[in-house]
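Descriptive structure summary
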Amino acid sequence: MFAEIADRYDRMNHLLSMQVDRYWRWRTTRIVRPRSDAPILDVCTGTGDLAFAFHRASKGETPIIATDFCPEMLEFGERKKAKRKIGDTIEFREADAQDLPFDDNRFQIVCVAFGLRNVADTDQGLREMTRVCQPGGRVAVLEFSMPRWQPMKAFYGFYFRYILPRIGRLLARNRNDAYNYLPESVGEFPSGSELCERMRQAGLASAKYKPLTFGIATLYIGQK
Ligand SMILES: C[S@@+](CC[C@H](N)C(=O)[O-])C[C@H]1O[C@@H](n2cnc3c(N)ncnc32)[C@H](O)[C@@H]1O
């Protein structure tokens, strides 16, 4: 599915979120501030937007590895890297989030944006992210969620279920799946304290969450 929409993915993201997705990634780098002395891993990186946000936040001083199992998405990440003349600070690599090709305890931050929901085995993804995180390091999960506050809940529920899939289908010229799948998968995915509990079960010492933009997205932060 992602291979099919890779060339339109960024445009669609910014359009359908009215650019707010950029703000969520920036905010993630403000809340989970990077240091310069150890690398960062961004899994399910897609075209690399969270990796680029961390690159900016660390002023290009921190090595970042950005992984995804979809080569078509990574190719667009590579193109953006070349265009921005970033050099080798960001390394794109093909890898399944459920079986990361890295040693234990390597990264200061292991993050994922709008990707964990897509990983077939959520708990295995969380266990792998935790395994490669340094003791004392942080695991950050940015994910869509459903707002709890009415009337935002009603407005957003309508937009998400009826408007967004139609615009998505029209503009992405994708078979029906990609933008029908989005509301369905968000509705089914654990959120709030439920996901925090799954993060603790994956081996993190603590986990908390912060709703962003009326709870349309949520940032989960765990410490190993
Ligand atoms: C919605 S995109 C998110 C991309 C990016 N992180 C962002 O913020 O826009 C989800 C990505 O997760 C990737 N993905 C899904 N399951 C995966 C897995 N098991 N291992 C690695 N990547 C995976 C897909 O290929 C896709 O690029």
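Our subject is the structure that appears above.
Presented here is a report on the structure given in the accompanying data block. (Residues numbered from 1 in each chain as written. Predicted model: local features only at pLDDT ≥ 70, side-chain atom pairs only at ≥ 80, totals over all residues. Heavy atoms only, no water.)

1. Looking at the environment of aspartate 7
- Summarising the element assignment, aspartate 7 is placed in the loop between α1 (2-5) and α2 (9-16).
- Judged by its relative accessible area of 41%, aspartate 7 falls in the partly exposed class.
- The spacing of aspartate 7 and glutamate 91 is 84 residues in sequence and 20 Å in space, taken between C-alpha atoms. (Helix = DSSP H or I, 4+ residues; strand = E, 2+ residues; numbered from the N terminus. Buried < 20%, exposed > 50% of the residue type's maximum accessible area, 1.4 Å probe, protein only.)

2. Quick notes on the packing of helix α6 (residues 122-131) against helix α9 (residues 193-201)
- Relative to each other, α6 and α9 sit at 55°, their axes nearing to 9 Å. Taken together, the axes of α6 and α9 lie oblique to each other. Taken as a pair, α6 and α9 cross one another with a handedness that is right-handed. Counting all contacts with α6, which are made through Thr122, Asp123 and Leu126, the residues of α9 involved are Leu195, Arg198 and Met199.
- Here the residues of the contact of α6 with α9 are counted per class, giving three nonpolar, one polar and two charged. (Axes fitted to C-alpha atoms, helices over the stretch in contact; angles between N-to-C directions. Parallel < 35°, antiparallel > 145°, perpendicular 65-115°, else oblique. Left-handed = near helix turned anticlockwise from the far one by under 90°. Contact = heavy atoms within 4.5 Å. Nonpolar A, V, L, I, M, F, W, Y, C, P; charged D, E, K, R; others polar.)

3. Observations regarding the side chain of threonine 62
- Within the secondary structure, threonine 62 sits in the loop between α4 (49-57) and β2 (64-68).
- Among the polar contacts made by the side chain of threonine 62, one reaches the main-chain carbonyl oxygen of arginine 35 at a distance of 2.8 Å.
- Apart from residues no more than four positions distant in its own chain, threonine 62 is found in contact with Arg35, Ser36, Ala38, Pro39, Ile40, Thr89 and Gln108. (Polar contact = N/O pair within 3.5 Å; in protein donor to acceptor, adjacent residues only side chain to side chain.)

4. Observations concerning the site of the ligand
- The environment of the ligand is formed by 19 residues, the closest being Tyr9, Cys44, Asp68, Ala97 and Ala113.
- Here an oxygen atom of the ligand sits 2.7 Å away from a polar atom, N or O, in the side chain of aspartate 68.
- In this structure, phenylalanine 69 approaches the ligand through a main-chain N or O atom, which is 3.3 Å from a nitrogen atom.
- Within the complex, 97% of the 600 Å² of free accessible area of the ligand lies under protein. (Near = heavy atom within 4 Å. Areas by Shrake-Rupley, 256 points an atom, 1.4 Å probe, with all protein chains shown as cover.)

5. Regarding the pattern of salt bridges
- Going through the model one piece at a time under the given rule, you end up with 13 salt bridges.
- Between aspartate 104 and arginine 131 there is a salt bridge, with its nearest N and O atoms 2.8 Å apart. Placement of the pair is aspartate 104 in the loop between β3 (90-94) and β4 (107-113) and arginine 131 in helix α6, with a sequence separation of 27 residues.
- Take aspartate 104: its relative accessible area is 47%, and that puts it in the partly exposed class. (Salt bridge = Lys/Arg side-chain N within 4 Å of Asp/Glu carboxyl O.)

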